[in-house]
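Notes for the structure review
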Amino acid sequence: MKIRILLLFTFMIFSSSAQKGANSEAKIKAVFLYNFTRFVEWPARSFSSETAPFVIGIIGEDPFGAYIEQAIVGEKVNSHPIVIRRFNSIAEIEDCHILFVNLHDGGMIKQVVAHVSGKNILTVSDANNFAGWGGIIRFYSEESKVKIEINTTAAKAAQLSISSKLLSVSQIY
Amino acid sequence: MINEPVVFVIDDDIDDQEIFGIALDRASKNANCVFANDGIHAIEKIKNDESFIPDFIFLDMNMPRMDGSECLTELRKIPRLNHIPVYLYSTSLDAVGIDKSKSLGATDYIMKPSSIFELTDILKNIIKTKVFTALMIFFSISMIPQISSGQTDSISEINALKKLSVTELMNLTVTSVSRTPEKLTDVASAVQVLTRKDIIRSTASRLPGALRLVSNLQVAQGGSHDWGISSRGFNGAPIASSTLADKLLVMIDGRTVYTPLFGGVYWDVQNVLLEDLDRIEVISGPGGTLWGANAVNGVVNVISKDAKETQGIFASVASGTFAPGQAAVRYGSHVDSSVFFRVYGQRFVVGSSKFIDGTSARDEWHLSQGGFRMDANLSKRNHLTVQGDVYGGEEGDTLTSNMNGQNVLARFGHTISNTADISVQMYFDRAYRYFGSSRTSYVVNTADLEAQHRFVLKNKHRMLWGIGYRMLVDNIKAPNPTFTPASRTLDQINFYLQDRISIIDEKFDVTLGSKFLYNYYTGVELQPTIRFAWQFVTDNTLWAAVSRAVRTPSRFDTDVTSFTRVEHEKYVSEKVVANEIGYRFRPIQPMSISISTYLNYYTDLRTLDSTGSQLAPFVFGNNMNATTWGAELSATYIATNWWKIKVGYTYLNKKFEKTSPLVLQNHELIEGIDPANQFLIHSIMDLPKNFQLDLIGRYVDALPAESVTGLPTTPAYFELNARVAWEYKNLTISVNGNSLLSDHHTEFGRVLVKRSVTGKVMIRF
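Computed from a predicted model, the values in this text were never measured in an experiment. All residue numbers here refer to positions counted from 1 along the written sequence of the relevant chain. Chain letters and ligand numbers both follow the written order, the letters beginning at A and the numbers at 1. Given that the model is predicted, a residue must reach a pLDDT of at least 70 before its local features are reported, and side-chain atom pairs must reach 80 or more before they are shown or counted; all residues, however, enter totals for whole chains, interfaces and linings. Values reported for side chains reflect all heavy atoms of the structure, with hydrogen atoms and water molecules removed beforehand.

**Some points on the overall build of chain A**
Note the cut-off: Here a strand is any run of E in DSSP of at least two residues, a helix any run of H or I of at least four, and the numbering for each starts at the N terminus. Only heavy atoms matter for contacts: two residues are in contact if any of them lie within 4.5 Å across the pair. The Shrake-Rupley method, run with a 1.4 Å probe sphere, supplies the accessible areas, and residue values consider only the shown protein chains as cover.
For chain A, the helix and strand inventory stands at 6 helices and 10 strands. In chain A, of all internal contacts separated by at least 6 residues, the share reaching a separation of at least 24 is 58%. Within the structure as shown, chain A displays about 6800 Å² of accessible surface, and the carbon and sulfur contribution to it stands at 49%.

**Thoughts on the sheet that holds strand β8 (residues 145-150) of chain A**
Residue and element names in this part refer to chain A. Filter applied, for reference: When DSSP finds two or more bridges between a pair of strands, those strands are recorded as paired. Only the contacting stretch of a helix is used when fitting its axis, a line to C-alpha atoms as for every element, and angles between N-to-C directions run 0 to 180 degrees.
Spatially, the 8 strands line up as an open sheet ordered β3-β4-β2-β5-β6-β7-β8-β10, and their pairing is mixed. Of all the strands in the sheet, the pair left with one neighbour each is β3 (76-77) and β10 (171-172). Two elements, β3 and strand β4 (residues 80-87), share 2 bridges in a ladder whose sense is antiparallel. If you follow Val77 over to β4, its bridge partner there is His80. Relative to β8, helix α2 (residues 25-39) is tilted by about 35°, and along the sheet it contacts β2 (54-60), β3, β4, β5 (98-102), β6 (122-125), β7 (137-142) and β8. Across the face of the sheet, helix α4 (residues 106-116) comes into contact with β2, β5 and β6 while running at roughly 165° to β5.

**Digging into the confidence of the model for chain A**
This is how the line gets drawn: For every residue, the predictor reports its confidence as pLDDT, a number between 0 and 100.
Confidence in the prediction for chain A averages 80 pLDDT; 86% of positions are at 70 or higher. Scored below 50 in pLDDT, residues 1-22 of chain A makes 81 contacts in the model with residues more than four places away or belonging to other chains.

**Describing unusual backbone geometry**
All names here are of chain B. As a reminder of what qualifies: Between buried and exposed lies partly exposed: a residue is buried under 20% and exposed over 50% of the maximum accessible area for its type, with that area taken using a 1.4 Å probe on protein chains only.
In this model, Asp253 sits at a positive phi of 50°, which is unusual for a non-glycine residue. Here Asp253 is to be found in the loop between β11 (248-252) and β12 (255-256). Overall, the relative accessible area of 4% leaves Asp253 in the buried class. Of note, Asp604 is a non-glycine position whose phi angle comes to about 55°, a positive value. The residue Asp604 is located in strand β30 (residues 591-610) in this model. Given a relative accessible area of 24%, Asp604 falls into the partly exposed group.

**Considering the packing of helix α2 (residues 39-48) of chain B against helix α3 (residues 68-76) of chain B**
For any two helices packed against each other, the geometry comes down to the angle between their axes and how far apart the axes lie. Residues and elements named next belong to chain B. Operational definition: Angles below 35 degrees are treated as roughly parallel, those above 145 as roughly antiparallel, those between 65 and 115 as roughly perpendicular, and all remaining angles as oblique. It is the rotation of the near helix from the far one that decides the hand of a crossing: anticlockwise by less than a right angle makes it left-handed, clockwise makes it right-handed. Charged residues are taken to be Asp, Glu, Lys and Arg, nonpolar residues to be Ala, Val, Leu, Ile, Met, Phe, Trp, Tyr, Cys and Pro, and polar residues to be all remaining types, Gly included.
In contact at an axis separation of 9 Å, α2 and α3 are set at 15° when each is read in the N-to-C sense. With respect to their mutual orientation, α2 and α3 come out roughly parallel. Where α2 crosses over α3, the handedness of that crossing is right-handed. Contacts between α2 and α3 involve Gly39, Ile43 and Ile46 from the former and Cys71, Glu74 and Leu75 from the latter. Considering only residue class, the contact of α2 with α3 consists of 4 nonpolar, 1 polar and 1 charged.

**A word on the sheet that holds β12 of chain B**
Residues and elements named next belong to chain B. Across the sheet, which stays open at both edges, the 5 strands sit in the order β6-β13-β14-β11-β12 with mixed pairing between neighbours. What marks the edges here is a single partner per strand, and that holds for β6 (190-195) and β12. Taken together, the 5 bridges between β11 and strand β14 (residues 298-304) define a ladder with parallel strand orientation. Looking at the pairing, Leu248 lines up with Gly298 of β14.

**Here we look at α2 of chain B**
All names here are of chain B. What counts here: An arc is given here, and it is the one of the directions from the helix axis to the C-beta atoms.
Within the sequence span of α2, burial applies to Gly39, Ala42, Ile43 and Ile46. One side of α2 carries all its buried residues, which in axial view fall inside an arc of 95°. Along its buried surface, α2 packs onto β1 (6-10), β2 (32-36) and α3.

**So, the packing of aromatic side chains**
So the rule is basically this: The criterion for an aromatic pair is that two Phe, Tyr or Trp rings (for Trp, the six-membered ring) have centres within 6.5 Å, with stacked assigned to planes under 30 degrees apart, edge-to-face to planes over 60 apart and tilted to the rest. In this scheme, Lys NZ or Arg CZ marks a charge over a ring once it lies within 6 Å of the ring centre and within 35 degrees of the ring normal.
In total, this model carries 26 aromatic pairs over all chains according to the counting rule given. Measuring from ring centre to ring centre gives 6.2 Å for Phe47 of chain A and Phe54 of chain A, while their planes differ by 35°; the resulting arrangement is tilted. With a centroid separation of 5.6 Å and 80° between ring planes, the pair formed by Phe262 of chain B and Tyr266 of chain B is classed as edge-to-face. Both residues of the pair, Phe262 of chain B and Tyr266 of chain B, belong to the buried class. Put simply, the rings of Phe32, Phe36, Phe64, Phe100 and Phe139 of chain A touch in pairs and so form one group of aromatic residues. Over the ring of Phe52 of chain B we find Lys45 of chain B, and its NZ or CZ is 5.2 Å from the ring centre. Lying across the ring of Tyr266 of chain B, Arg433 of chain B places its NZ or CZ 3.8 Å from the centre.

**Quick notes on the nonpolar core**
For the record, the criterion: Nonpolar cores were defined as sets of buried Ala, Val, Leu, Ile, Met, Phe, Trp, Tyr and Cys residues, with membership established by side-chain atoms within 4.5 Å.
In terms of nonpolar packing, the biggest core is built from 45 residues, with Phe32, Leu33, Phe36 and Leu122 of chain A touching the most fellow members. Sorting elements by how many residues they give to this core places α2 of chain A first, with 8 residues. Not counting residues within four places of it along the chain, the set of residues in contact with Phe32 of chain A comprises Phe139, Val146 and Ile148 of chain A together with Val166, Leu169 and Met170 of chain B. Val193, Ala204, Leu248 and Ile283 of chain B belong to the second-largest nonpolar core, a separate cluster that totals 35 residues.

**Some words on α3 of chain B**
Within α3 of chain B, the full set of buried residues consists of Gly68, Ser69, Cys71, Leu72 and Leu75 of chain B. Projection of α3 of chain B onto a plane perpendicular to its axis shows the buried side chains occupying an angular sector of 160°, all on one side.

**Some details on the side chain of Asp276 of chain B**
Residues and elements named next belong to chain B. In this fold, Asp276 is placed in the loop between β12 and β13 (277-284). For Asp276, a relative accessible area of 2% corresponds to the buried category. Those residues within four positions of Asp276 in sequence are excluded, and the remaining contacts are Ser304, Lys305, Thr310, Arg330 and Arg342.

**Regarding the pattern of salt bridges**
Side chains carrying opposite charge are able to pair once their charged atoms draw close together. All names here are of chain B. Note the following rule: What counts as a salt bridge is simple: a side-chain nitrogen of Lys or Arg found within 4 Å of a carboxyl oxygen of Asp or Glu.
Applying the stated criterion across every chain yields a total of 46 salt bridges over all chains. Between Lys644 and Asp198 there is a salt bridge whose closest N-O contact spans 3.2 Å. Pair noted here: Lys644 is in strand β32 (residues 643-658) and Asp198 is in helix α9 (residues 196-200), with a separation of 446 residues, a long-range link. Exposure remark for Lys644: the relative accessible area of 12% places this residue in the buried category. With relative accessibility at 0%, the residue Asp198 sits in the buried group. Ionic pairing is found between Arg201 and Asp686, a salt bridge with its closest N-O pair at 2.9 Å. Of this pair, Arg201 sits in the loop between α9 and α10 (207-211) while Asp686 sits in strand β33 (residues 677-687), placing them 485 residues apart in sequence. Classification of Arg201 by relative accessible area gives buried; the value is 5%. Overall, the relative accessible area of 28% leaves Asp686 in the partly exposed class.

**Structural notes on the environment of Glu149 of chain A**
Residue and element names in this part refer to chain A. Positionally, Glu149 belongs in strand β8. Overall, Glu149 belongs to the buried group, its relative accessible area being 8%. Note: C-alpha distance between Glu149 and Ile172 (23 residues apart in sequence) is 5.7 Å.

Laid out in structure tokens, this is it:
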């Protein structure tokens, strides 16, 4: 965060010279969300039909902008076309398969986690203690790189099976 | 040939490792890349793991500890790796090196490719996996930047990222800083950022109009081409083509544009193609530590997009009731995958306004401008920007004035690591202006060279320092000598150092810094600052700062001889000590709020003092002090994904104190005619069927009359600008209304700002 501020100051003097083709955090995370559809298996009953959509939901402010749509355009999970839904409140959360929780208030996150518990939903967030609050996947940054922490107990509870390939490169909570 | 080749890359450069990883993934879908950070690390790895037998080894020639040839010698001593092809590479090819490496047992010696595409080709040839050729062709097509909109570019970038493995994704360095205003919650100053979207989704057709969208600026239109723009007060009395506001530092792509003539900005000639802007950052409050000598009350930094992000053609034409014609065109393309450029041209014709008494102000004007920008990624770590503009225009007034200017700028940036970089910038700027009414011409040539270095010390200190030299040569020609001497060469040298110390990691930090500025008139000036930022809860930052900034004398303050006695050796810089406290937070997720308050003490403010002499009745002195205090509130609320609202409110109060009885009466009004309260609301709304509705409401308090320049009282006003647009694929058609609520109002003096409606067509492809 402090780097960010310093960078901001830097760029106020000289305009953005170091940002070309930047791998913005949002872009990388959007691609991760897409990748999760490849490394996680959802039970068949989480889909109402063979062609029912695979839903990636976002609650809180959408940090991805167009990136998430670009990442999933034309993609399918088996026979299920991937779609993006944005939710404005907890009550609005419908049946989805991946839920990106862009909230930072612990109380609200716990509410979201409680709301989706028992459903086959892969919850993903940036929040510091996300795994501790029962979330499944947390993005964190280490040396300006995006890393992943997985709460395997929560994944099991949601009846999701996560590929060992993903687990092997992630930190296990 | 080999189903799952293992490629071992020995390179000390993390970025090169990353490039290898991406290129290899493209060259062969099944290949696995294993990295070692240097020769010693590589040998250790091979010795520790008997089962590790790579299919290919790529070895960097230049590495610390153990270089490529030493490492090769060691590798060839290991029996199980005897037959493995080893490719040595380096940034340059020299015959001696090639011969030596071959004699040591290198399979080949290759030149380090400058692009991923070339490397992909090389790897493809080496690995010879023909099966994936089709895939690679797809890649090259999707990755070569095409003449297309930015969105397509980012789609291909996303596609490229999607092909990376999870491990590779995790190894990508996030290079982008927070560029959205929502993420500014942790910045310890009163910064507002105007994004391109904010600007495009407004009725602004030129830069001053865009600055109206920044709630912590006072923007007052004083005529067809005249604008007074200031922050935290001191929006000085209007003069031809500008106002006496002289405490704001304005930069366009790193080039300082306030005039050394009087320290203010000629807003009529500060034009940019709004379409190609990346953002405008506005800081209210002193920025003296890092910026120039004029950043007493604020800094406006206009930043245009990288040429890579403005590929393709953009064209717009507009016509309206006040500005009969505006046209702009831009063409962006590329030489290869690392060199991008754009050229643009624009012209506008603006009508004449009327005075309060109904007579014409005869201030119609027109201006044409063209320019270019080139951005080259010389290598992964080196970036070069070269850009320039040329403009020329003519303005009415009592007699015709004209102005023209040229500038060229080059900026080189070198990234040392994630937290360290160096940048060097140089520019030349010429600005010419002929004032018809006083038959005076003014030309100023500026040469500027700056360098900056940023690095982290012991994980706790984020250091930033820089040096700069600026030379200004001007010449003023007038029928009667108004300025003596007519020509001056002014040197400015500056040095600054800033340390941001992390006291409690991520929670509390202190920034200490100072700028040391040498200028022709007053010698060395010190501009220190201390800033505290305390993030007590995520997205809740409390900050405080004490800073000192100076406004060094301008030609106007020291050399005017037509009606003043010159005592420039006695004239000193104006100074401010600013105390600020601010709070940035998010009460709910989609809303960010920033509150800042300030208490500023100004000393040695410029005054016009009576001399008692008939010939030169006045002399400029420094006989006024002032105290200003106020608050700025701004909030952004993203109500839904189709509705964004920004609101801003500023309050300003001030008190002046004259330190000499000789000071002209009401002098404080020459220095600043400011509203006490201002309110702004900007609503950006996407409607169904590709329609957009954008509204801007502005309330500005009354301004007092000012007798010296004959300014009458300006009543308080509330005005509304509205934009309705329809966007279909590449085409945007909009109707823009300005000041819709009344037929006319005044903002700064005697000139009426009339209701106007403009139709605009834009096309991008």
